[in-house]
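So you can see what is in the structure, the chains are spelled out below.
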Amino acid sequence: MVKIFRGVESRNIKVIESLDTNLIGEGTLSSRYLINIEGANYFAKVFRPGENSFGRSSREMIKNEIAVLDYIYSNSASAPAQDLLRYRGYAEVGDVTTLLFEDQVTWRSGATLEKRLNVQSERIKTQEEVPTTEEVLNLKRSVEATNYQSYEVGDVIDIVRQIADQIGQYHSLRGDKCAGIIHMDITPKNIIIVDDIDTRKKKAIVIDFGIARENGEAIDHLFNKSSLSDGRGGDYYLSQKGIFNLVYSSIDSRQQSTANPSLDTYNIVNVLCLMLTGRLIEYWETEAKKTCDPLFDDNLFDDDPEIITEMMNGEIADVIEKRCKSLNLASEVKLTLINELSRIITYGRKANQNQQTTDQKGTISTSSVRADYSTCSELIEELDALGIKQILKEPITIS
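Residues numbered from 1 in each chain as written. Predicted model: local features only at pLDDT ≥ 70, side-chain atom pairs only at ≥ 80, totals over all residues. Heavy atoms only, no water.

Just to check I follow, could you spell out the overall build of the chain for this structure?
For the chain, the helix and strand inventory stands at 11 helices and 16 strands. Here the chain holds 399 residues, and 58% of them are scored as buried. In the chain, the share of contacts with a sequence separation of at least 24, taken over all contacts with a separation of at least 6, comes to 66%. Carbon and sulfur atoms make up 45% of the accessible area of the chain, which totals about 17,400 Å². (Helix = DSSP H or I, 4+ residues; strand = E, 2+ residues; numbered from the N terminus. Buried < 20%, exposed > 50% of the residue type's maximum accessible area, 1.4 Å probe, protein only. Contact = heavy atoms within 4.5 Å. Areas by Shrake-Rupley, 256 points an atom, 1.4 Å probe, with all protein chains shown as cover.)

Structure below.
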């Protein structure tokens, strides 16, 4: 294991702990460690490029993340840089690239949201560089969080609001040469729950800017202007106009030509849906369609999207209602909370407007799921309107 770090500018290097299995979870393109260099502890994120496109992708991703972090820290006065563990640079050793962060106690006490929720899903089985729309939808429908009920409803709203606030600040982190940062990969795997260093309370921090883009720039170029259109990596990162996360994104993300905030807000709402119901938005859309037509077939289905939205709202509300039983609220207040949470999740479905997508094999699929929150501030406004701080009498705590 120590050989991984050979060549880093230090002779006294010790691996303290591997974090892949007991803390962070397995990374598709990297491994994570706690290491000691000359008496100082660091969190190390190690990329292991190979000879195929996965290797090319991971090498470019680490360079892109470094460029993003450089920009964030150079604007620390106006950005939530304090929420990220400050990095100290990187070393490229042969075909291994290592990104080093300061080792805070938070890395030992924290865990990704994916690990806490116990998120499970199938792997992409296609042999093609880009999977078909049907393959992507099947993957999205298979995602399930088996431990999602461990979070109280108030905790869920608080975590999602923190995420939206952080990402919104990155979106507006403008400078002379940048119009803001679009994360592109907001998933439970990239959300770590840590102990706030100052207040000792739990905090949600979005990490991993490996495939981030500049706001408004062409989607086939990363933040550092490099292109990943010829590579793919991991289970969820598939390329067509450059790699991005397909599992938590809207199905029509492939049609986007520029990076924009709505690509992130859809992912955030999908995380909200997963935390409240244990499933993603696309699962509930399919269930609603099956209710309308037991012989449901994606390629043949053509029903009124307004009816699907209404049924989807009802099915999601039923699950949320079970989560809200323990809340000590008046029945009318509780009902409003349930309905509003369901509405926030299905808000992106524009009634009477179907979206058609064409995959690389020419298959046309119809879906009415869209990301309709154009900015994080719109989503935050919706979450704040729930009045959760007034509803919950006790401070929010995350178990």
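In this structure, what is going on with helix 6 (residues 261–277)? I would like to understand it.
At 3.6 residues per turn, the α-helix brings residues three or four places apart onto the same side. For helix 6, built from 17 residues, the straight-helix expectation of 24 Å at 1.5 Å per residue is met to within 8% by its first-to-last C-alpha distance of 24 Å. Counting buried residues along helix 6, 17 of its 17 residues qualify, which places the element largely inside the surrounding structure. Phi turns positive, to about 80°, at Gly 278, one or two residues after helix 6. (Expected span 1.5 Å × (residues − 1).)

I keep staring at the confidence of the model for the chain and nothing clicks. Help me out?
Detailed conclusions should not be drawn from predicted coordinates in areas where pLDDT is low. Here the chain shows a mean pLDDT of 76. Residues at 70 or above account for 68%. Ranking the elements of the chain by mean pLDDT puts strand 16 (residues 364–367) last with 46 and strand 8 (residues 144–145) first with 96. Low pLDDT, under 50, characterises residues 349–355; the predicted model gives this stretch 30 contacts beyond four residues in sequence or across chains. When the criterion is pLDDT under 50, residues 394–399 qualifies, and its contacts beyond four places in sequence or with other chains add up to 12 contacts. (pLDDT = per-residue confidence, 0-100.)

So what exactly am I meant to see when it comes to the pairing of strand 3 (residues 40–47) here?
Along a regular strand, successive side chains alternate from one face of the sheet to the other. Burial runs high along strand 3: six of the eight residues are buried. Pairing of strand 2 (residues 30–37) with strand 3 involves eight bridges; the strand directions are antiparallel. Bridged to Tyr 33 within strand 3 is Ala 44. Hairpin connection, strand 2 to strand 3: the antiparallel pair is bridged by two residues, and Glu 38 has positive phi, about 50°. (Pairing = 2+ DSSP bridges.)

Whenever I open this one, the pattern of salt bridges confuses me. Can you help?
When charged atoms on two side chains of opposite charge get close, those side chains can pair. Across all of its chains, the model carries nine salt bridges by this definition. In this structure, Lys 289 and Glu 285 form a salt bridge, with 3.6 Å as the shortest nitrogen-oxygen distance. Here the residue Lys 289 and the residue Glu 285 both occupy positions in helix 7 (residues 281–292), the gap between them amounting to four residues, near one helical turn. Of the two residues examined, Lys 289 and Glu 285, each falls in the buried class. One salt bridge connects Arg 343 with Glu 382, and the closest N-O pair in it is separated by 2.4 Å. Highlighted residues: Arg 343 in helix 9 (residues 331–346) and Glu 382 in helix 10 (residues 376–384), separated in sequence by 39 residues. Residue classification places Arg 343 among the partly exposed positions, given a relative accessible area of 27%. One salt-bridge network, in which partners are shared between bridges, spans Glu 214, Glu 217 and Lys 225. (Salt bridge = Lys/Arg side-chain N within 4 Å of Asp/Glu carboxyl O.)

Honestly, the packing of aromatic side chains in this entry has me stumped. Any pointers?
Two descriptors summarise a pair of aromatic rings, namely the distance from one centre to the other and the angle between the planes of the rings. Applying the stated criterion across every chain yields a total of four aromatic pairs. Ring centres 5.8 Å apart and planes at 55° place the aromatic pair Tyr 71 and Phe 223 in the tilted group. Of this pair, Tyr 71 sits in helix 1 (residues 53–74) while Phe 223 sits in the loop between strand 12 (213–214) and strand 13 (237–239), and the two are 152 residues apart along the sequence. In this structure Tyr 71 comes out as buried when scored by relative accessible area, which is 14%. (Phe/Tyr/Trp six-rings, centres within 6.5 Å; stacked < 30°, edge-to-face > 60°.)

What is the right way to look at the packing of helix 6 against helix 7 in this model?
Across the interface, helix 6 lies against helix 7 with an axial gap of 8 Å and an inter-helix angle of 70°. With respect to helix 7, the element helix 6 is oriented roughly perpendicular. Where helix 6 abuts helix 7, its residues Tyr 266, Val 269, Asn 270, Cys 273 and Thr 277 lie against Ile 281, Glu 282 and Trp 284. (Axes fitted to C-alpha atoms, helices over the stretch in contact; angles between N-to-C directions. Parallel < 35°, antiparallel > 145°, perpendicular 65-115°, else oblique.)

When you look at the packing of helix 5 (residues 153–171) against helix 10 in this model, what are you seeing that I'm missing?
When two helices pack together, their arrangement is given by the angle between the helix axes and by the axis-to-axis distance. The contact between helix 5 and helix 10 brings their axes to 9 Å, and the two run at 155°. Looking at the two axes, helix 5 sits roughly antiparallel to helix 10. Of the two elements, helix 5 crosses helix 10, and the hand of that crossing is left-handed. Here Ile 157, Val 160, Arg 161, Ala 164, Asp 165, Ile 167, Gly 168 and His 171 of helix 5 lie close against helix 10, whose contacting residues are Cys 376, Leu 379, Ile 380, Leu 383 and Asp 384. (Left-handed = near helix turned anticlockwise from the far one by under 90°.)

What should I look at first to understand the side chain of Ser 142 in this one?
Along the chain, the position of Ser 142 falls in helix 4 (residues 133–142). Not counting residues within four places of it along the chain, the set of residues in contact with Ser 142 comprises Gln 120, Ser 121, Glu 122 and Arg 279.

Help me understand the side chain of Ser 342 in this model?
For Ser 342, the position within the fold is in helix 9. Classification of Ser 342 by relative accessible area gives buried; the value is 1%. There is a polar contact of 2.7 Å between the side chain of Ser 342 and the side chain of Asn 313. Those residues in contact with Ser 342 that sit more than four places away from it in its chain are Asn 313, Ile 316, Ala 317 and Ile 320. (Polar contact = N/O pair within 3.5 Å; in protein donor to acceptor, adjacent residues only side chain to side chain.)

Help me understand helix 7 in this model?
Over its 12 residues, helix 7 extends 17 Å from the first C-alpha to the last, a length consistent with the 16 Å expected when each residue adds 1.5 Å. Taken as a whole, helix 7 has its buried residues at Ile 281, Glu 282, Tyr 283, Trp 284, Glu 285, Thr 286, Ala 288 and Lys 289.

I keep staring at unusual backbone geometry and nothing clicks. Help me out?
Peptide bonds are mostly trans, and most non-glycine residues show a negative phi. Non-glycine residue Met 184 carries a positive phi angle of around 80°. The topology assignment puts Met 184 in the loop between strand 9 (181–182) and strand 10 (191–195). Note on Met 184: relative accessible area 4%, which makes it buried. One non-glycine residue, Asp 208, adopts positive backbone phi at about 70°.

It is not clear to me how the environment of Glu 38 should be interpreted in this structure. Could you clarify?
Within the secondary structure layout, Glu 38 lies in the loop between strand 2 and strand 3. Spatially, the C-alpha atoms of Glu 38 and Ile 13 are 6.6 Å apart, while their sequence positions differ by 25 residues.

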